Amino acid sequence: MPTPDTFWSYFGATLTYLAVLAIPGGLVGRAAGLRGWALAGLAPLLSYTVTGLAGPWLALAGVSYNPLTVAGVTAVLAGIGFGLRKLGQSRGWITPGAEEPPTKWHPRAHYAVAACVALAVGISILVVLSARGGTTAVFQRWDTVFHANGIRYIAETGDGSLTGMGTINWYPDGSFYPNAYHLVGSLVYSISGTTIPVTLNAITMPVAGIFALSMVALIRQLGGRAVFAGCTALVAAAATTGAYESVSSGLLPFALGIVLTPLAVVALARFLARPGLDTGFVLALTAVGLLAAHSSALFGALLFAFPLVMQRWYRALRHKPLDGVPEGRAGWRIIGGDVVKMVPVMVGSALLAAPHILGALKFTSGSYPYYAWGSELPVVKSLGLLVTFRQVLSAPQVWLTVLLVIGVLSLFRLGRMRWIGLAALGFSALFVLVASFGAEPWVISLSRPWWNDRYRLMALAAIPLCLLAGHGMAELQRWFAKWASGRSWVKSRPALPARLGLATAVFIVAASAVLTKGFYTESNAHAVSFLYYNGPEGEVTPPVSADELAAMDALTKMNVGPDEKVLNERFDGTAWLYAITGIHPVAGHYDPGVPPPDAKYLALHFRDYDTDPEVQAAVKRLNIKHVLIGSTPIKIGEPPAPGLRDLDGLNFLRKDFGNAGASIYTLTR
């Protein structure tokens, strides 16, 4: 349901987000020596690194997290990167250049690829805008309320710690969660001055565009063709399972981690080609940024990059040429050198990310329950979902499947990037295991970083599959250009052969746009629409209804104090109370796992306030003076908690507001 905002507010929020993505990471990356597509691609990830480090470390130092202190952390990291680069150069330890892409692109190729990335960003924004409800709509899926509350909490309190934002629901101590997504969101919210729903929409809109940029940076770094890069950017913007499916499920930080994962290969390839203080610094920041964005992102990045390392070591043992390695060096020395040189990078990453690592270890050993999904789809169906790039949609993305088949059949044409085939095979096998044998204990253990969730594993598999589909699209262009170059009408016109590559590339892109009906914009919008509706259209009423939003607005006019909590039902839309109004609810998340004892007791026994001293004591401890009850549960058919049912007429409550879907009561004694 919409919350009141104007076009200019969400336009400003989107521009603010793009600036937050570009400026901190761009300054740090440039200071450390990044240029070109490597700088453009890594800048968003490094911005998440800056914020992901700033929040926890500033909290430990007792310093407020805000735009000014983030600017200070940016300056410190940029200074470190610049100093390390200059130190290495002055001592003769490094000679910059070996880490740059092995092939050159014509200036026109750079412009053409940039146009494809811009188109991918536009497609991504259009998909989210047209999904449902416009840019001011409230997200309706399970974890989105946690992310919304977290963004507002950080912005209002300046507490960027890894547990602070969890206190909205798990008070008084909070709960660990990697919070780079929320730290960036709080900057967008604070700077743009808009609402939380608009902030969330602004952060979500370009997600597939970031995916496209990451893919282009990877292909450019490894010497791929410009046509390959441009085609893959468009495939990344079209594939439902790449970014949109995770977004549709409300897995917002996870989707962020997925679209940033390809950048791990960019940083790693640069470091392997020229190990140095500067490239090692960038690699360490890349690892930390992925961990801060989402814990599973670093695991996924390690798995994704492993085939690249295996290919390098295989070539070393076969005495094949390698970037940055003198000819004739023994293979075992290359492998040993790679391992030894990675040690200080790993140590540096661990030190920088110490709050995240310690927090994660404490969380996994705590009382929070782990529930495995236990999917048991037939293997044939799992494979079918995989190669047709869909799970939440009924219609397959057939043309992407065709491009994928072409890409697989022409895998040998990838040259130094053939490792992508091995990555695709490994991730696809992991998806099939989880989708078809997800109830097996060993599969649950293997896939625990991804919560045994086939939707998350599909998104991970989509990374190399999109690369292969983009390669297939680029090979179509190559074949078409070769065929056209042999035509007599081309040979008879001297000016045509020089322009044939660009002309055939434009033709392939245009044909793909037509065949996919605008790169599947409409079907992807339908997938993302589930984010705003919590299920297939017509089957589920949005948990955050217009009636509940009206009640929240009415509550803001009742002088609720900053130290008060409003008693509410956990499974209805009132869990969004803090994100929408800044008023603290008793239940700040739909998640029933390990609720605060007082919240749990009141949900069961609040109706017994007159006769139960423990209810009275809990109400006093939480300083509850108002009760807000909605009517639209997040879980289909979920009845209200026993203690919050049928409150009308109770002699200790006065009903101060009511409409068809929400009520506000005030305690009279």
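To be clear, the structure that these remarks concern was listed above.
Note that the structure is a prediction, hence the values are computed from the model and not measured.

## Re the overall build of the protein
Each helix and strand in the protein was counted, giving 28 helices and 5 strands. Compactness check: the protein gives a C-alpha radius of gyration of 26 Å against a globular reference of 26 Å for 669 residues, within 12% of the reference. Of the contacts formed within the protein by residues at least 6 apart in sequence, a portion of 77% connects residues at least 24 apart. Carbon and sulfur atoms form 65% of the exposed surface of the protein, whose accessible area is close to 26800 Å². Positive and negative side-chain charges in the protein, numbering 50 and 36 respectively, have mean positions lying 19 Å apart.

## Notes on the packing of aromatic side chains
Taken as a whole and judged by the stated rule, the model has 11 aromatic pairs. Ring centres 5.8 Å apart and planes at 15° place the aromatic pair phenylalanine 480 and tryptophan 483 in the stacked group. On the criterion of helical spacing, the pair formed by phenylalanine 480 and tryptophan 483 is a turn pair, its members being 3 residues apart in helix α21 (residues 454–485). The exposure class of phenylalanine 480 is partly exposed, given its relative accessible area of 26%. Through pairs of rings, three or more aromatic residues link up here, namely Phe146, Trp170 and Tyr177. When the ring centre of tryptophan 105 is taken as reference, the NZ or CZ atom of arginine 220 above it lies at 4.7 Å. Sitting over the ring of phenylalanine 254, arginine 456 keeps its end group 5.5 Å from the ring centre.

## Some details on the sheet that holds strand β1 (residues 565–568)
Strand order in this open sheet of 5 strands is β2-β1-β3-β5-β4, and the pairing throughout is mixed. Edge strands, defined here as strands with exactly one partner in the open sheet, are β2 (584–585) and β4 (653–658). Pairing of strand β3 (residues 624–629) with strand β5 (residues 663–667) involves 4 bridges; the strand directions are antiparallel. Bridge pairing links leucine 628 to isoleucine 664 in β5. Across the sheet, helix α25 (residues 546–555) lies against β1, β3, β4 and β5, angled at about 160° from β3, the strand it touches most.

## A closer look at empty space enclosed by the protein
Once rolled over the atoms, a probe with the size of a water molecule shows which space is left empty. Taken as a whole and judged by the stated rule, the model has 4 cavities of 30 Å³ or more. When its volume is computed, the largest cavity comes out at roughly 90 Å³. Along the walls of the largest cavity sit Tyr17, Tyr48, Tyr181, Ile203, Thr204, Val207, Ile210, Val247, Leu252, Ala255 and Leu256, which together make up its complete lining. Residue assignment for the lining of the largest cavity shows that the elements contributing at least two residues are α7 (196–204), α8 (207–221) and α11 (252–260). By residue number, the principal contributor to the lining of the largest cavity is α11, which donates 3 residues. When grouped by side-chain class, the residues that make up the lining of the largest cavity number 10 nonpolar, 1 polar and no charged.

## Let's talk about the pattern of salt bridges
Pairing of side chains with opposite charge becomes possible as their charged atoms draw close. Applying the stated criterion across every chain yields a total of 15 salt bridges. For arginine 413, the salt bridge identified is with glutamate 475, shortest N-O distance 3.8 Å. You can see arginine 413 sitting in the loop between α18 (398–409) and α19 (419–437) and its partner glutamate 475 sitting in helix α21, a full 62 residues away along the chain. When its relative accessible area of 2% is taken as the criterion, glutamate 475 is described as buried. We note a salt bridge from glutamate 564 to lysine 625, for which the minimum N-O separation is 3.8 Å. Placement of the pair is glutamate 564 in the loop between α25 and β1 and lysine 625 in strand β3, with a sequence separation of 61 residues.

## Description of the side chain of serine 428
Locating serine 428 in the fold gives a position in helix α19. Sequence-distant contacts of serine 428, that is, excluding residues within four places in its chain, are made with Leu386, Ala461 and Leu465.

## A word on the side chain of serine 375
With respect to the secondary-structure elements, serine 375 resides in the loop between α16 (354–364) and α17 (379–387). Serine 375 gets classed as buried once you look at its relative accessible area, which sits at 12%. Engagement of the side chain of serine 375 in a polar contact is seen with the backbone oxygen of alanine 435, the distance being 2.6 Å. Excluding anything up to four places from it in sequence, serine 375 contacts Val434, Ala435, Ser436, Phe437, Gly438, Ala439 and Arg454.

## A word on α7
Of all 9 residues making up α7, 9 are buried, and the element is well covered by its neighbours. Those residues of α7 lying buried are Ile196, Pro197, Val198, Thr199, Leu200, Asn201, Ala202, Ile203 and Thr204.

## Focus on unusual backbone geometry
Put simply, tyrosine 171 and proline 172 share a cis peptide bond, and its omega is 5°. Despite not being glycine, tryptophan 451 shows a phi value in the positive range, around 55°. Mapped onto the secondary structure, tryptophan 451 falls in the loop between α20 (441–446) and α21. Within the chain, aspartate 646 stands out as a residue other than glycine whose phi angle is a positive 50°. Tracing the sequence through the fold places aspartate 646 in the loop between β3 and β4. Overall, aspartate 646 belongs to the exposed group, its relative accessible area being 64%.

## Observations regarding the pairing of β3
Extensive coverage of β3 is indicated by the burial of 5 of its 6 residues. By the bridge criterion, 3 bridges tie β1 to β3 in an arrangement that is parallel. Bridge pairing links lysine 565 to isoleucine 624 in β3.

## Section: the environment of isoleucine 357
Topologically, isoleucine 357 is positioned in helix α16. Spatially, the C-alpha atom of isoleucine 357 lies 9.3 Å from that of serine 295, the residues being 62 residues apart in sequence. Ignoring anything within four residues of it in the chain, the contact list for isoleucine 357 reads Leu291 and Ala350.

## Topic: α11
Counting buried positions over the 9 residues of α11 gives 9, a clear majority of the element. Along α11, the residues that are buried comprise Leu252, Pro253, Phe254, Ala255, Leu256, Gly257, Ile258, Val259 and Leu260.

Conventions and cut-offs
Residues numbered from 1 in each chain as written. Predicted model: local features only at pLDDT ≥ 70, side-chain atom pairs only at ≥ 80, totals over all residues. Heavy atoms only, no water. Helix = DSSP H or I, 4+ residues; strand = E, 2+ residues; numbered from the N terminus. Rg over C-alpha atoms; globule rule 2.2 N^0.38 Å. Contact = heavy atoms within 4.5 Å. Areas by Shrake-Rupley, 256 points an atom, 1.4 Å probe, with all protein chains shown as cover. Lys, Arg positive; Asp, Glu negative; His and termini not counted. Charge placed at Lys NZ, Arg CZ, Asp CG, Glu CD. Phe/Tyr/Trp six-rings, centres within 6.5 Å; stacked < 30°, edge-to-face > 60°. Buried < 20%, exposed > 50% of the residue type's maximum accessible area, 1.4 Å probe, protein only. Lys NZ or Arg CZ within 6 Å of the ring centre and 35° of its normal. Pairing = 2+ DSSP bridges. Axes fitted to C-alpha atoms, helices over the stretch in contact; angles between N-to-C directions. 1 Å grid on protein atoms, 1.4 Å probe; cavity = no way out; pocket = protein on both sides within 12 Å on 5 of 7 lines; lining within 4 Å. Points joined across faces, edges and corners; volume = space filled by probe spheres on them. Nonpolar A, V, L, I, M, F, W, Y, C, P; charged D, E, K, R; others polar. Salt bridge = Lys/Arg side-chain N within 4 Å of Asp/Glu carboxyl O. Polar contact = N/O pair within 3.5 Å; in protein donor to acceptor, adjacent residues only side chain to side chain.

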